Amino acid sequence: NQDLRDHQRKCAELAEKIRAELQVYVKQRTDEILSLNNEVALLKKELEDYEGDAMVQQAKKDYSLQVASQKTLEYGQVVLSTDNIFNRCRGRSKIAYPP
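Before going into details, it helps to say that this report is about the structure given with it. (Residues numbered from 1 in each chain as written. Predicted model: local features only at pLDDT ≥ 70, side-chain atom pairs only at ≥ 80, totals over all residues. Heavy atoms only, no water.)

**Points about the overall build of the protein chain**
Heads up, the rule is: A run of H or I in DSSP becomes a helix once it reaches four residues, and a run of E becomes a strand once it reaches two; helices and strands are each numbered from the N terminus. Values of the radius of gyration come from C-alpha atoms, whereas the globule rule sets the reference at 2.2 Å times the count of residues to the power 0.38. Each residue's exposure class comes from its accessible area (1.4 Å probe, protein chains only) as a fraction of the maximum for that residue type: buried when under 20%, exposed when over 50%, partly exposed otherwise. Accessible surface area values rest on a Shrake-Rupley calculation with a 1.4 Å probe, where residue burial reflects the displayed protein chains alone. Positive charges come from Lys and Arg alone, negative charges from Asp and Glu alone, with His and the N- and C-terminal ends not counted. By convention, charge coordinates are those of NZ in Lys, CZ in Arg, CG in Asp, or CD in Glu.
Tallying secondary structure elements over the protein chain gives one helix and zero strands in all. Against the 2.2 N^0.38 benchmark of 13 Å for 99 residues, the protein chain shows a C-alpha radius of gyration of 42 Å, more extended than a compact globule. A principal-axis box enclosing the C-alpha atoms of the protein chain has dimensions of 140 × 20 × 10 Å. Expressed as a percentage of its 99 residues, the buried residues of the protein chain come to 0%. Of the accessible surface of the protein chain, which amounts to about 9,500 Å², a share of 60% is contributed by carbon and sulfur atoms. Considering the protein chain, the positive charge centre built from 16 side chains and the negative charge centre built from 16 side chains are found 12 Å apart.

Rendered as structure tokens:
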């Protein structure tokens, strides 16, 4: 009988020790998960910031390309208009121009 009581007490102590270790382990893993979730959230926020910056830079680049294209078009139109006026004046001129 005494042996059974001793065995039961030892088993209860061992169970309590294992239960305490499990609680510590679960708390550590829970803390680690929360920490990693916080890190993921921070990294997502950082990524969103970088994506926003990239969109702003892309919009600036697109605007610059549009302005450059417009100026190139206007320059080409001025050159063609000037060439057209020159050719019309040259055609009506009495001065002989080399070909």
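Alright, that's what it looks like, and here's the rest.
**Points about the pattern of salt bridges**
Cut-off, in case you're wondering: Salt bridge criterion: a side-chain nitrogen from Lys or Arg within 4 Å of a carboxyl oxygen from Asp or Glu.
Tallied over the full model, the rule gives six salt bridges. Arg 9 is the partner of Glu 13 in a salt bridge, and the nearest nitrogen-oxygen pair spans 3.2 Å. Taken together, the residues span about one helical turn, with Glu 13 and Arg 9 both in helix α1 (residues 2-92) at a distance of four residues. Using a relative accessible area of 42% as the deciding quantity, one classes Arg 9 as partly exposed.

**Brief notes about a nonpolar patch on the surface**
We count it as follows: Two distance rules govern patches: like charges are joined within 9 Å, and nonpolar side chains (Val, Leu, Ile, Met, Phe, Trp, Tyr) within 5 Å, applied only to residues with over 30% relative accessible area and no salt bridge.
Together, Leu 22, Tyr 25 and Val 26 make up an exposed nonpolar region whose accessible area comes to about 300 Å². Looking at where Tyr 25 falls in the secondary structure, it is placed in helix α1. Relative accessible area serves as the criterion here: at 47%, Tyr 25 is assigned to the partly exposed category.

**Describing the environment of Ala 41**
Its place among the elements puts Ala 41 in helix α1. Each C-alpha atom, one on Ala 41 and one on Thr 82, is 61 Å from the other, the two residues being 41 residues apart in sequence.

**A look at the environment of Gln 77**
Relative to the assigned elements, Gln 77 resides in helix α1. When the C-alpha atoms of Gln 77 and Arg 29 are compared, they prove to be 71 Å apart, with 48 residues separating the residues in sequence.

Remember, this is a structural readout, not a statement about activity or role.
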